[in-house]
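# Descriptive analysis of the structure
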Amino acid sequence: MNIERRDFFKILSIGALTAAGSKSVQARDWQYTGRPPKAPALLYDSTLCIGCKACEVGCKKANGLDLDHSDLEKTFGVSNTWDCADDLDTNSWLKIKLYKNGDASVKDRETDGFAFMRSACMHCVEPDCQSVCPTSALLKDPETGIVSWDVDACCGCRYCQVACPFAIPKFEYEKAFPKIEKCFLCEHRLAEGQITGCSEACPTGATLFGEYETILAEAKRRLAVKEGDTYDYPVHTLESGVTKPRPAAKYINHVYGEKDGGGTQYIVLSAVPFSKLGLPKLPEHSSSSKSEALQHGLYQGLIAPIVLFGGLAAAAFRNVRQEEKEERRAQDEA
Ligand code: SF4
Ligand code: SF4
Ligand code: SF4
């Protein structure tokens, strides 16, 4: 390659401007803000769940997602069968899963028992998905705490999928313009004063919607109830006026998500160890809270691209000088 020194500096300038101007790949300003005071939240009480999956269908209806069709429907044309996706995917943002052991004869028992678990985005207080996203396409809203996704900012790297401790974000591999999909806590419904589709559909109160502080207080009230004592379990919300009295289960004395992994806005009660329900044991702070400052410092100031560009420029400059020296030597010898 034969470039004049003046041309080289022209290219260098254009490159620097391009790097500085590439707003779309810059991370936006953010910092951990904790849970907003009136953060919308969900309490899932596994002991109340009957595995009916009305919440899954409610989620799909609330978010305009296609209902999946069962084999029964596909094979025999039987209509109105329940949603039946195997796992979370881009069209299924909520899944009820089953834990079972031995003969699975008793509900909410670890040995020879079974229990249900609701799998969906936890809306973490210190979201690992947000921390690893180089363009801040995933961001926790400082007012609602909802972790949402910006189509214009996403570069499709899918780091969020790898980083999420709950394996939640799903990527539309099959689409020409793929999106990251997951539960966005029905923010469009909340904006209109409605509650989430899943808590509206749940007939037992297993999925309860409310402000985080009141939902957490309700969870702690349940932990204080003696096993077998009757408790008035509210349905949909604490304020709905609908309750279903029933004997309390023998809860594990822990509200999963109060502190786990830095805390979440979707918290869980269970009578079976949380790890058996697929909820990982996490420290009191997310791994991202330790690495976030360093990582975002690099991207935010465009330090990483500038260091890379500087390195490439230095190497190219050395080559240009070498070529010039060789040309001069060849001219002197001629
Ligand atoms: S909050 Fe909305 S999007 Fe999230 S699981 Fe419930 S219904 Fe689905
Ligand atoms: S559960 Fe996963 S996708 Fe949801 S906020 Fe937490 S890290 Fe992000
Ligand atoms: S609607 Fe309620 S009871 Fe039915 S599966 Fe969902 S959480 Fe469980």
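In short, a report on the structure.

Thresholds applied
- Residues numbered from 1 in each chain as written.
- Chains lettered and ligands numbered in written order.
- Predicted model: local features only at pLDDT ≥ 70, side-chain atom pairs only at ≥ 80, totals over all residues.
- Heavy atoms only, no water.
- Pairing = 2+ DSSP bridges.
- Helix = DSSP H or I, 4+ residues; strand = E, 2+ residues; numbered from the N terminus.
- Axes fitted to C-alpha atoms, helices over the stretch in contact; angles between N-to-C directions.
- Contact = heavy atoms within 4.5 Å.
- Core = buried A, V, L, I, M, F, W, Y, C linked by side-chain atoms within 4.5 Å.
- Buried < 20%, exposed > 50% of the residue type's maximum accessible area, 1.4 Å probe, protein only.

## Section: the sheet that holds strand 9 (residues 207-211)
Read from one edge to the other, the open sheet built from 3 strands follows the order 9-1-12, with strand pairing classed as mixed. Unpaired on one side and paired on the other, strand 9 and strand 12 (266-269) mark the two borders of the sheet. The mean angle between the axes of side-by-side strands here comes to 25 degrees, regardless of whether they run parallel or antiparallel. Note that strand 1 (residues 40-45) and strand 12 share 4 bridges and pair parallel. Looking at strand 12, one finds that Leu43 is bridged to Ile267. Of the strands in this sheet, strand 1, strand 9 and strand 12 touch helix 8 (residues 212-224), which is tilted by about 130 degrees from strand 9.

## Focus on the nonpolar core
A general trend in soluble globular proteins is that nonpolar side chains are found buried together. Tyr44, Met122, Phe166, Ile267, Val268 and Leu279 are the most contacted members of the largest nonpolar core, which has 64 residues in total. Apart from the residues lying within four places of it in its own chain, the contact partners of Met122 are Phe166, Tyr256, Thr264, Gln265, Tyr266, Val268 and Leu279.

## Looking at the sheet that holds strand 4 (residues 113-119)
The mixed open sheet is built from 3 strands, whose spatial order is 2-4-3. Two strands lie at the open edges of the sheet, namely strand 2 (95-100) and strand 3 (106-107), each paired on one side alone.

## Quick notes on helix 2 (residues 54-63)
The buried fraction of helix 2 amounts to 8 of the 10 residues, a majority that puts the element mostly inside the structure. Within helix 2, the full set of buried residues consists of Ala54, Cys55, Glu56, Val57, Gly58, Cys59, Lys60 and Ala62. Buried residues along helix 2 sit in contact with strand 2, helix 6 (187-191) and helix 7 (197-201). Following helix 2 by one or two positions, Gly64 has its phi on the positive side, about 65 degrees.

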